[in-house]
Structures are given as structure tokens and as C-alpha cells.
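# Survey of secondary and tertiary structure
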Amino acid sequence: MTPHRLALLVTAGLLLGLLTLGLGLQRGRWKVVRWLHHALFFAVCVGVGCSAGLAWRSGGWALLPALGALLLMPRTRPGRADHWRGALAAAALFTLGLWGAW
């Protein structure tokens, strides 16, 4: 397995964990793990950036819209519809970018 594919898979796993914790926070189940949600957000941002850099020649540029959507997330307000819609848009863009960079 090439390094960029490993980075893509690890980032996909982190993104899945981030979305799961975000859903739990949205529903009011886990107020204690908000710091973990933020730590996973930063890890996903770094993972998407590293994956794009490692896979640049084989289509890593396709991950740049996902990175842009992730970097716009702090401009939204947690708990509101624009926050979770932005998160879903970033996840969808990452999925498309993953397909392009694979």
C-alpha cells in the first residue's frame, strides 16, 4: 500500500469518528467529549492536507475543495444547521476527492 493511500484511509477513519462525535454532540448526548471533537477536526484537516500533498501527482488536487470546506467550518456556529450542513458537505467533498486521489 502506498503512503498516500494509507494517509487517505487513516483520514477517512478520522473523518468518520469526527462525524459520529458531531452527531452525538448535536443530539446532546456527549457534552463532555467536545474537546475530542475539536482534536479530531484538527487531525482531519492535517490528514487531508498531508493526503493531498502525498497524492498530488496522482490526483491529490481533488482533495483541495474538501480542505477548503473544512477550513470554513470555524465560521459556522456549532449546534446550528449551517454547521452540520457544512460538515456533511466537507465529508461529501472528501469522498469525491478520495475517489479522485485513489
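Since we're looking at a predicted model, the values are computed, not measured. (Residues numbered from 1 in each chain as written. Predicted model: local features only at pLDDT ≥ 70, side-chain atom pairs only at ≥ 80, totals over all residues. Heavy atoms only, no water.)

## Things to note about the overall build of the protein
As a reminder, the rule being used: A run of H or I in DSSP becomes a helix once it reaches four residues, and a run of E becomes a strand once it reaches two; helices and strands are each numbered from the N terminus. The quantity called the radius of gyration is restricted to C-alpha atoms. Its globule counterpart is 2.2 Å times the number of residues to the power 0.38. The buried label applies to any residue whose accessible area, calculated with a 1.4 Å probe on protein chains only, is under 20% of its type's maximum; exposed applies above 50%, and partly exposed to all values in between.
The number of helices and strands found in the protein is 4 helices and 0 strands. Listing the helices and strands of the protein from first to last along the sequence gives α-α-α-α. Relative to the compact-globule value of 13 Å for 102 residues, the protein shows a C-alpha radius of gyration of 13 Å, a close match. Along the first, second and third principal axes, the C-alpha atoms of the protein reach 40 × 25 × 15 Å. Looking at the 102 residues of the protein, the share that counts as buried comes to 34%.

## A closer look at the packing of aromatic side chains
For clarity, the threshold we go by: Classification of ring pairs uses Phe, Tyr and Trp, with its six-membered ring standing for Trp, and accepts pairs whose centres are within 6.5 Å; under 30 degrees between planes counts as stacked, over 60 as edge-to-face, and the remaining range as tilted.
With the rule as written, the count across this model stands at 1 aromatic pair. With centroids separated by 5.6 Å and ring planes inclined at 65 degrees, the aromatic side chains of Phe41 and Phe42 adopt a geometry described as edge-to-face. A residue is classified by how much of its surface remains accessible, and Phe42, at 56% relative accessible area, is exposed.

## A look at the nonpolar core
Applicable threshold: The nonpolar core is taken to be a set of buried Ala, Val, Leu, Ile, Met, Phe, Trp, Tyr and Cys residues, with the residues joined through side-chain atoms within 4.5 Å. Any two residues having at least one pair of non-hydrogen atoms within 4.5 Å are treated as being in contact.
Ranked by size, the top nonpolar core spans 21 residues in total, and within it Val48, Leu63, Leu70 and Phe94 carry the most contacts. Elements that contribute at least two residues to this core include exactly helix H1 (3-26), helix H2 (34-54), helix H3 (64-72) and helix H4 (81-101). Ranked by the residues each element gives to this core, the list is headed by H2, at 6 residues. Each residue touching Leu70, except ones within four places of it in the same chain, is listed here: Phe41, Val44, Cys45, Val48 and Ala90.

## Let's talk about the environment of Arg85
On the secondary structure map, Arg85 appears in helix H4. Along the backbone, Arg85 and Met73 are 12 residues apart, and their C-alpha atoms lie at a distance of 9.8 Å.

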